[in-house]
2 protein chains.
Amino acid sequence: MNQTIKTQLNHRTIRAFKDKPIDESIMSTLFDVANQTSTSMAMQSYSIIRVKDKNLRKELGKISNQIYLEQAPELLIFIVDCYRNAMISEEQGLVQPAKHDADRFIQGFTDGAIACQNLFVAAESLGIGGVYFGSILNNIEKVIELLELPKYTYPIVGLGLGYPDQDPELKPRMKTELKVFTDKYKKQDSYLESLKDYDKILSTYYDLRDTSKTVAGFTEHVKNVLNRQNPNRLKAFSIIKKQGFDL
Amino acid sequence: MNQTIKTQLNHRTIRAFKDKPIDESIMSTLFDVANQTSTSMAMQSYSIIRVKDKNLRKELGKISNQIYLEQAPELLIFIVDCYRNAMISEEQGLVQPAKHDADRFIQGFTDGAIACQNLFVAAESLGIGGVYFGSILNNIEKVIELLELPKYTYPIVGLGLGYPDQDPELKPRMKTELKVFTDKYKKQDSYLESLKDYDKILSTYYDLRDTSKTVAGFTEHVKNVLNRQNPNRLKAFSIIKKQGFDL
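Novice: What am I meant to see in the relation of the copies chain B and chain A here?
Specialist: Here two copies of a chain appear, and what relates them is a rotation about an axis with a shift along it. Note on the copies: chain B fits chain A at an RMSD of 0.0 Å, the axial shift is 0.0 Å, and the rotation between them is 180°. Within this description, the copies of the chain are treated as partners about a two-fold rotation axis. Counting the interface residues of chain B, we find that 100% of their copies in chain A are interface residues as well, pointing to one common contact surface.

Right, here's the structure in full:
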């Protein structure tokens, strides 16, 4: 146990921020941390768009439907970036067969996601809080348009950062035994049975957080989420193709 | 600056490990850290396969073509796991339209990738070193077979961990100005020009690491990588569909 791990085990999503900017020198350090993250085949196939413009924030806020996206002192959008490397090879006068293949897309997606989490850990170690915005993917085409993302790029996730103006409870997770297996994938005889205790723990957590609603456990939450589909989000792979990737 | 960030800025890939196991109590803490990582819509759509079996290691080593995959004291394979949540909803007697849609796949991929990096940071904070194995994706179908991955699951990346038996130089990255943009994606007039300094830095780095080879800078490395395609890896999206996802 050390301070790094203590902070990681104490991770909570922060959605309310103090009206206090993050120093430019800190942002610069956070970008250096992202930059030092492992990267597949040293290709560095991701980029970060730091969204400062108020109008852009408003538009992205509409897409995500989360008001705190507009309010977070910093908003970073991590993207798959195979454009840079494609241009590097084109400038050398060669048509490169792999510059936008399926494998490059996956490589860039993993690169960008792990860089984002690495930066997030660094931020939290400095007392900064944050929230992931998967919700920017509610309208991927609009995000591409707003951020002027060229071919061979694709948005992965957004990250809002700022000094916390709330101190939420730790959100309980299911036991690691249900998600860490040895050698082979392990199915459960009954998931409802295996998750019985977690259902109780989570429903108590939600109950304490908002006493005005009837609250479900995990298994009911999963059922509810899997009953909803956002037609825009189902277009993901057709948009990835439209961005020039050969899937 | 603090210890967390110092360690992150000092990240190097470790490929040679001491013959010393990682204590079970430490592994348990690392899994707790992964478990506390942010997760899209609280769905926890990923799992971890910890590969201990020697034969499995050998088979995975053949796929990745990296001998140190077999030698790392710990090998963790992170997977998209939408199977668990699909079963949770099926057990409740309902056919859930979203249980294996494109959006769920992306959600699980992001969840798994960020959990992996979070665990990796915790490991490094304890003096453990590690290496990502994107190379397990050289033969995705075989990985699925070996780890008995059910429908609605998919391998993301492997992570090897152990106590370092080497102290490699820090591998330089391109300047953050080339990958962090404000508000809009920023194209370069000439990438070869913008990357001139980095080309020199990286070629010096490679030169020091292995004096027996002629070494290229970054832009030549990119060109070389983009000239190669592994036919197996191009099948990624057809295999994702075969695993039951509606892309």
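Novice: Quick question: what am I supposed to make of the packing of helix α2 (residues 24–36) of chain B against helix α6 (residues 102–125) of chain B here?
Specialist: In a pair of packed helices, the angle between the axes and the distance between the axes together describe the arrangement. Residue and element names in this part refer to chain B. Packing of α2 against α6 leaves a shortest axis separation of 8 Å and a crossing angle of 140°. The pairing of α2 with α6 is recorded here as oblique in orientation. Handedness of the crossing formed by α2 with α6: right-handed. Across from Leu30, Phe31, Val33 and Ala34 in α2, the residues of α6 making contact are Ala115, Asn118, Leu119, Ala122 and Ala123.

Novice: Could you clarify how one ought to interpret unusual backbone geometry in this entry?
Specialist: Most of the time, phi is negative for any residue but glycine, and the peptide bond is trans. All names here are of chain B. Backbone geometry at Asn65 places phi at a positive 60°, although glycine is not the residue there. As for its placement among the helices and strands, Asn65 is situated in the loop between α3 (54–64) and α4 (67–71). Overall, the relative accessible area of 68% leaves Asn65 in the exposed class. The phi dihedral of Tyr152 falls on the positive side, at around 65°, and the residue is not glycine. Along the polypeptide, Tyr152 turns up in the loop between α7 (140–146) and β4 (153–162).

Novice: Explain the sheet that holds strand β2 (residues 74–81) of chain B to me, please; I cannot follow it from the model alone.
Specialist: The strands making up a sheet associate through backbone hydrogen bonding, with each pair oriented either parallel or antiparallel. Read across the sheet, 5 strands follow the order β5(A)-β1(B)-β2(B)-β4(B)-β3(B) without closing on themselves; strand pairing throughout is mixed. With partners counted over all chains shown, the strands left at the sheet margins are β5 (180–182) of chain A together with β3 (129–133) of chain B, one partner each. Direction aside, neighbouring strands of the sheet carry axes that sit 25° apart on average. Relative to β4 of chain B, β3 of chain B is paired through 5 bridges, and the arrangement is antiparallel. Note that in β4 of chain B the partner of Gly129 of chain B across the bridge is Gly162 of chain B. Across the face of the sheet, α6 of chain B comes into contact with β1 (46–50), β2, β3 and β4 of chain B while running at roughly 5° to β4 of chain B.

Novice: In this structure, what is going on with the sheet that holds strand β4 (residues 153–162) of chain A? I would like to understand it.
Specialist: A sheet is described by the order of its strands in space; here 5 strands give the open sequence β3(A)-β4(A)-β2(A)-β1(A)-β5(B), paired in mixed fashion. The open sheet has two edge strands with one neighbour each: β3 (129–133) of chain A together with β5 (180–182) of chain B. Taking each pair of neighbouring strands and ignoring which way they run, the sheet shows an average axis angle of 25°.

Novice: Even after reading the chapter, I still don't get helix α2 (residues 24–36) of chain A, so can you show me in this structure?
Specialist: In an α-helix there are 3.6 residues to a turn, and that puts residues three or four apart on one side. The end-to-end C-alpha distance of α2 of chain A, which contains 13 residues, comes to 19 Å, matching closely the 18 Å that a straight helix rising 1.5 Å per residue would cover. Among all positions of α2 of chain A, only Ile26, Met27, Leu30, Phe31, Val33, Ala34, Asn35 and Gln36 of chain A are buried.

Novice: Just to check I follow, could you spell out the packing of helix α6 (residues 102–125) of chain A against α6 of chain B for this structure?
Specialist: Where α6 of chain A meets α6 of chain B, the closest approach of the two axes is 8 Å, and the angle between their N-to-C directions is 50°. Classed by the angle they form, the pair α6 of chain A and α6 of chain B counts as oblique. With respect to the hand of their crossing, α6 of chain A and α6 of chain B are arranged in right-handed fashion. Across from Ile106, Phe109, Thr110, Ala113, Ile114, Gln117, Asn118 and Val121 of chain A in α6 of chain A, the residues of α6 of chain B making contact are Ile106, Phe109, Thr110, Ala113, Ile114, Gln117, Asn118 and Val121 of chain B.

Novice: What am I meant to see in the interface of chain B and chain A here?
Specialist: Often, the extent of an interface is quoted as the loss of accessible area on bringing the components together. In this complex, chain B contributes 110 residues to the contact, which on the side of chain A involves 110 residues. Summing the contributions of chain B and of chain A, the shared interface buries around 10200 Å²; its carbon and sulfur component is 61%. Summed over the three residues of chain B that lose the most area to chain A, namely Gln36, Tyr185 and Leu226 of chain B, the buried surface amounts to 8% of that side. Our count for the contact surface shared by chain B and chain A stands at 4 salt bridges. The partner of Lys184 of chain A in a salt bridge is Glu148 of chain B, with the nearest N and O atoms 3.6 Å apart. Along the contact surface separating chain B from chain A lie 69 residue pairs in polar contact (both at pLDDT 80 or more). Ranked by residues supplied to the side of chain B that touches chain A, first place goes to α6 of chain B with 15 residues. As paired elements, strand β1 (residues 46–50) of chain A and β5 of chain B share 3 bridges and run parallel to each other. Across the sheet, the residue bridging to Ile48 of chain A is Val180 of chain B, located in β5 of chain B.

Parameters and conventions
Residues numbered from 1 in each chain as written. Chains lettered and ligands numbered in written order. Predicted model: local features only at pLDDT ≥ 70, side-chain atom pairs only at ≥ 80, totals over all residues. Heavy atoms only, no water. Least-squares fit on C-alpha atoms with pLDDT ≥ 70 in both. Contact = heavy atoms within 4.5 Å. Axes fitted to C-alpha atoms, helices over the stretch in contact; angles between N-to-C directions. Helix = DSSP H or I, 4+ residues; strand = E, 2+ residues; numbered from the N terminus. Parallel < 35°, antiparallel > 145°, perpendicular 65-115°, else oblique. Left-handed = near helix turned anticlockwise from the far one by under 90°. Buried < 20%, exposed > 50% of the residue type's maximum accessible area, 1.4 Å probe, protein only. Pairing = 2+ DSSP bridges. Expected span 1.5 Å × (residues − 1). Buried area = accessible area lost by both parts, 1.4 Å probe. Salt bridge = Lys/Arg side-chain N within 4 Å of Asp/Glu carboxyl O. Polar contact = N/O pair within 3.5 Å; in protein donor to acceptor, adjacent residues only side chain to side chain.

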